[in-house]
2 protein chains.
Amino acid sequence: MYDIRQWRHVFKLDPNKEISEEHLERICESGTDAVIVGGTDGVTLENVLELLARIRRFQVPCVLEISNLESVTPGFDFYFIPMVLNSRDKKWIIDLHHEAVKQFGDIINWDEIFMEGYCILHKDCKAAVLTDANTELQEDDVIAYALMAEHMYRLPIFYVEYSGSYGNPQLVQRVKQVLKQTQLFYGGGIKTEKQAAEMAQCADTIVVGNVIYEDINKALATVKAVKR
Amino acid sequence: MYDIRQWRHVFKLDPNKEISEEHLERICESGTDAVIVGGTDGVTLENVLELLARIRRFQVPCVLEISNLESVTPGFDFYFIPMVLNSRDKKWIIDLHHEAVKQFGDIINWDEIFMEGYCILHKDCKAAVLTDANTELQEDDVIAYALMAEHMYRLPIFYVEYSGSYGNPQLVQRVKQVLKQTQLFYGGGIKTEKQAAEMAQCADTIVVGNVIYEDINKALATVKAVKR
């Protein structure tokens, strides 16, 4: 089975956005380590299934990052489940998860499930608004969440999310220094080779999303920047 | 070091309650596997330190179950940190923990820390009131919390708490059936040998508390019931 700990670069595709066959093929064949299907709004079973079917024509590992219960479907290699550590609403920390486990507990294959401890740091992004995240955090707040992810909840992934804006590499690096077991994902605002290379030096895995829909060539260049 | 997974019976001593030297000695020398220091109200650094010093004269492993930050002190073998899974207030799920890690993150010895996923089921008990726990749970709600404790948060301990009333052994047994890694603690209302023996057949570890202060001989008899 795929070892996500080896992943250095992943693309995130939003089921609520259009992508041409040609662009999708270039993404899937880019040499990226995986494709994550996930978005904040407008994620439905229909558009998730459609994207799954299209991605499955390629070899790349394919992950569903669960945004809502309605759009969950079998067929992905892995399922990433966000736990928004800095949400003010415990719905995003424990309640939706409880509902899901209550409903699907006896059919879940836990080997396919990876919990992500999210720390959302860009206050204007859709995910921060939706989850009512407290983005006014100091470095020591973020470090504390990272330590909790690793030691208290033993989450496989800690995800520093600046969705829509490029984050602070020094902060990401400081987080990386305190994590030993938990894998550090960075996502947000990576649009250039230089940014990809810079964040890949700080985090274990970088996530490239929006630029796919803005400039496919720049998106593809981020793979080379990491894999070089 | 002590292996908590071997523990079948523990006593819980409340630092806010009086206990004579003679009774304390009988508790510590009873053959119980450990003594947990913990309570819901009136727990102060002073009464925790006093109890610690008194228990330390004996060989029994000694755990602090953290109720508030002010009363945390070095000197215990282990620290149990409750995460109240069915609290309606995320303070008891993540916020106090974040505050603690922010304050003590760089000096914590994580090998001494054990997270407890609490599920509080007796609605009138002090812990339920304090943490605003939703105790109106069906069996499948409790099972779902147990699965989350094991698979999502990988907690070492899942603690079914009926504090002050004797719980439902069938429910405890059902919970035990879904747990493979996470250790099942049961606490609440154990006052007789028979109850201790019954719950010890369902849970991995039983916690005996209040009866210590009501009838020391009955309390001591619970050890024999489990160790037999």
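This text follows the structure it describes.
Values in this document were obtained by computation on a predicted structure and should not be read as measured data. (Residues numbered from 1 in each chain as written. Chains lettered and ligands numbered in written order. Predicted model: local features only at pLDDT ≥ 70, side-chain atom pairs only at ≥ 80, totals over all residues. Heavy atoms only, no water.)

A. Seen up close, the packing of helix H7 (residues 193-202) of chain B against helix H9 (residues 216-227) of chain B. All names here are of chain B. It is the contact of H7 with H9, at a shortest axis distance of 8 Å, that shows an interaxial angle of 40°. Between H7 and H9, the interaxial angle falls into the category oblique. Note that H7 runs across H9; the crossing there is right-handed. Residue-level inspection shows Glu 193, Ala 196, Ala 197 and Ala 200 of H7 in contact with H9, the latter providing Ala 221, Thr 222, Ala 225 and Val 226. When its residues are assigned to classes, the contact of H7 with H9 shows six nonpolar, one polar and one charged. (Axes fitted to C-alpha atoms, helices over the stretch in contact; angles between N-to-C directions. Helix = DSSP H or I, 4+ residues; strand = E, 2+ residues; numbered from the N terminus. Parallel < 35°, antiparallel > 145°, perpendicular 65-115°, else oblique. Left-handed = near helix turned anticlockwise from the far one by under 90°. Contact = heavy atoms within 4.5 Å. Nonpolar A, V, L, I, M, F, W, Y, C, P; charged D, E, K, R; others polar.)

B. Structural view of the packing of aromatic side chains. Tallied over the full model, the rule gives 23 aromatic pairs over all chains. Where Tyr159(B) meets Phe185(B), the ring centres are 5.8 Å apart and the plane angle is 35°; that geometry is what we call tilted. Placement of Tyr159(B) in strand S6 (residues 157-161) and of Phe185(B) in strand S7 (residues 183-187) is noted, with a sequence separation of 26 residues between them. Its relative accessible area of 0% is what places Phe185(B) among the buried residues. Seen from their ring centres, Tyr162(B) and Tyr186(B) are 6.0 Å apart, and the 40° between their planes marks the pair as tilted. Here Tyr162(B), found in the loop between S6 and helix H6 (169-178), pairs with Tyr186(B), found in strand S7; they are 24 residues apart in sequence, far enough to count as distant. Pair check on accessibility: Tyr162(B) and Tyr186(B) agree, each one buried. By the ring-pair criterion, three or more aromatic residues cluster together here, those being Tyr2(A), Trp7(A), Phe78(A), Phe80(A), Phe114(A), Tyr118(A), Tyr159(A) and Phe185(A). (Phe/Tyr/Trp six-rings, centres within 6.5 Å; stacked < 30°, edge-to-face > 60°. Buried < 20%, exposed > 50% of the residue type's maximum accessible area, 1.4 Å probe, protein only.)

C. Summary view of the interface of chain A and chain B. Across the contact, 28 residues belong to chain A and 28 residues belong to chain B. In total, chain A and chain B occlude about 2,800 Å² of area from one another, counting both sides; carbon and sulfur atoms represent 72% of this. In this structure, the connection of chain A to chain B is made through two salt bridges. Residues Asp141(B) and Lys102(A) are paired through a salt bridge, measuring 2.7 Å at the closest nitrogen-oxygen approach. Only strand S4 (78-84), helix H3 (95-104) and helix H5 (139-152) of chain A provide two or more residues apiece to the side of chain A that touches chain B. With eight residues, the top contributor of residues to the side of chain A that touches chain B is H5(A). Considered class by class, the residues forming the side of chain A that touches chain B number 16 nonpolar, five polar and seven charged. (Buried area = accessible area lost by both parts, 1.4 Å probe. Salt bridge = Lys/Arg side-chain N within 4 Å of Asp/Glu carboxyl O.)

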